[in-house]
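Coordinates in review
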Amino acid sequence: MSAAAQLQGAVVLALAGIEGLTGAFDAPPVRAALPHAVVDAPVTSDWSAKGVTGREARLTVRVVDGGERPARLQALAGGVEDAVSAIDGTIGEGWRVVAVRPVQTRIVRSGERWTASVVCAVRMYREET
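Residues numbered from 1 in each chain as written. Predicted model: local features only at pLDDT ≥ 70, side-chain atom pairs only at ≥ 80, totals over all residues. Heavy atoms only, no water.

What about unusual backbone geometry?
Put simply, the test is: By definition, any uninterrupted DSSP run of H or I lasting at least four residues is a helix, any uninterrupted run of E lasting at least two residues is a strand, and each is numbered from the N terminus. Burial classification: accessible surface area is computed with a 1.4 Å probe over protein chains only, and a residue below 20% of its type maximum counts as buried, one above 50% as exposed, and the rest as partly exposed.
Note the cis peptide between Leu-34 and Pro-35, where omega equals -5°. Among the structural elements, Pro-35 can be located in the loop between β1 (24-25) and β2 (36-39). Positive phi values are uncommon outside glycine, yet Glu-93 reaches one of about 50°. Mapping Glu-93 onto the fold places it in the loop between β5 (89-92) and β6 (95-110). With relative accessibility at 44%, the residue Glu-93 sits in the partly exposed group.

Pasting the structure below:
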């Protein structure tokens, strides 16, 4: 599996522990209770050095909620930042996360729903096995 797929899977697992979130998905769900999170496929670029294969990823997690105000969503967005930032170490197939940095959080309303987009920069390298 690619570094992007390994990272996406690790983030979905990390979000499962957030209290109040009904689910975390790697694609938009057909039906899901609110609030839920969708982990978009990361955009990756080369972060290699001599003798080391590395990737830097921009990862976006979207949390969707309803209601008149985004108070609950603001708390959940903070939980997403914390959960993604806590990912450290091996995530599978030799890939190891070495740095996570929250870059941007934005909350917008669209119709009856609120969406928080949490963007993080993640650096990882592949350990030789």
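Considerations on the environment of Gly-94
The line we're drawing: Contacts were defined at the residue level, with two residues in contact if any of their heavy atoms lie within 4.5 Å.
Along the chain, the position of Gly-94 falls in the loop between β5 and β6. Residue classification places Gly-94 among the buried positions, given a relative accessible area of 13%. In this structure, the C-alpha to C-alpha distance between Gly-94 and Arg-109, residues 15 residues apart in sequence, is 39 Å. Once residues lying within four places of it in the same chain are set aside, the contact partners of Gly-94 are Tyr-125, Arg-126 and Glu-127.

Structural notes on helix α1 (residues 3-15)
Defined as follows: For a helix, the expected span equals 1.5 Å multiplied by the residue count minus one.
Compared with an ideal rise of 1.5 Å per residue, which puts 13 residues at 18 Å, α1 spans 18 Å between its outermost C-alpha atoms and is within 8% of the ideal. Regarding α1, the residues found buried are Ala-3, Ala-4, Gln-6, Leu-7, Gln-8, Ala-10, Val-11, Val-12 and Leu-15.

Overview of the pairing of β5
Note the following rule: Two strands are said to pair when DSSP picks up at least two bridges between them.
Pairing analysis gives three bridges linking β5 to β6, with the strands arranged antiparallel. In the strand pairing of β6, Gly-92 is matched with Trp-95. Turn length for the β5-β6 hairpin, with the two strands adjacent in sequence and antiparallel, is two residues, and the turn residue Glu-93 shows positive phi of about 50°.

Focus: the confidence of the model for the protein chain
What counts, and what does not: On a range of 0 to 100, pLDDT expresses the predictor's confidence in each residue.
The predicted model of the protein chain averages 95 in pLDDT, with 98% of residues at 70 or higher. Within the protein chain, β5 has the poorest average pLDDT of any element, 93, and β2 the best, 98.

Comments concerning the pattern of salt bridges
To keep it simple, the criterion reads: Each salt bridge in this description consists of a side-chain nitrogen of Lys or Arg and a carboxyl oxygen of Asp or Glu lying within 4 Å of one another.
Summed over all chains, the structure comprises four salt bridges. Linking Asp-40 and Arg-62 is a salt bridge whose minimum nitrogen-to-oxygen distance equals 2.8 Å. Of the two residues, Asp-40 sits in the loop between β2 and β3 (43-46) while Arg-62 sits in strand β4 (residues 53-66), which places them 22 residues apart along the sequence. Using a relative accessible area of 23% as the deciding quantity, one classes Asp-40 as partly exposed. Look at Arg-62 and you get partly exposed, because its relative accessible area is 25%. Salt-bridge contacts for Arg-123 lead to Glu-56; the nearest nitrogen and oxygen are separated by 2.8 Å.

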